[in-house]
Amino acid sequence: MNTSTIVFIFLGLFLLGGVISFWKQKLPKGVILLLALGSGMCLATGLMRL
């Protein structure tokens, strides 16, 4: 497990927290969707590199 794996996982979790926050603030669905896709890609990349 190297540094880039850890960075991708933490970035994905950080973006996932942003999705939850934006959902509670009732922001536009497009913004939430893009943030969710970015979060999913970062988490998937980090987990595949484990």
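Just so you know, these numbers come straight off a predicted model, no measurement behind them.

> Just give me the short version of the packing of helix H1 (residues 3–24) against helix H2 (residues 29–48), but keep the residues and values in it.
Packing of H1 against H2 leaves a shortest axis separation of 8 Å and a crossing angle of 155 degrees. Between H1 and H2, the crossing angle belongs to the class labelled roughly antiparallel. For the crossing formed where H1 meets H2, the hand is left-handed. For the pair H1 and H2, contact is made by Thr5, Phe8, Ile9, Leu11, Gly12, Leu13, Leu15, Leu16, Gly18, Val19, Phe22 and Trp23 and by Lys29, Val31, Ile32, Leu35, Ala36, Gly38, Ser39, Cys42, Leu43, Thr45, Gly46 and Leu47, respectively. The class makeup of the residues in the contact of H1 with H2 is 16 nonpolar, 7 polar and 1 charged.

> Hey, could you go over the packing of aromatic side chains for me, with residue numbers and the actual values?
Taken as a whole and judged by the stated rule, the model has 0 aromatic pairs. Seen from the ring of Trp23, Lys29 lies directly overhead, with NZ or CZ sitting 4.4 Å from the centre.

> So what's going on with the nonpolar core? Residues and values would help.
Within the largest apolar cluster, 5 residues are counted, these being Leu15, Val19, Ile32, Leu35 and Cys42. Those residues in contact with Val19 that lie beyond four places of it in its chain are Ile32, Leu35 and Ala36.

> Report on the side chain of Ser39, specifying residues and quantitative values.
Take Ser39: it is sitting in helix H2. In this structure the side chain of Ser39 is engaged in a polar contact, spanning 3.4 Å, whose partner is the backbone nitrogen of Leu16. Ignoring any residue separated from it by four or fewer positions in sequence, one finds Ser39 in contact with Gly12, Leu15 and Leu16.

The rules behind these values
Residues numbered from 1 in each chain as written. Predicted model: local features only at pLDDT ≥ 70, side-chain atom pairs only at ≥ 80, totals over all residues. Heavy atoms only, no water. Axes fitted to C-alpha atoms, helices over the stretch in contact; angles between N-to-C directions. Helix = DSSP H or I, 4+ residues; strand = E, 2+ residues; numbered from the N terminus. Parallel < 35°, antiparallel > 145°, perpendicular 65-115°, else oblique. Left-handed = near helix turned anticlockwise from the far one by under 90°. Contact = heavy atoms within 4.5 Å. Nonpolar A, V, L, I, M, F, W, Y, C, P; charged D, E, K, R; others polar. Phe/Tyr/Trp six-rings, centres within 6.5 Å; stacked < 30°, edge-to-face > 60°. Lys NZ or Arg CZ within 6 Å of the ring centre and 35° of its normal. Core = buried A, V, L, I, M, F, W, Y, C linked by side-chain atoms within 4.5 Å. Buried < 20%, exposed > 50% of the residue type's maximum accessible area, 1.4 Å probe, protein only. Polar contact = N/O pair within 3.5 Å; in protein donor to acceptor, adjacent residues only side chain to side chain.

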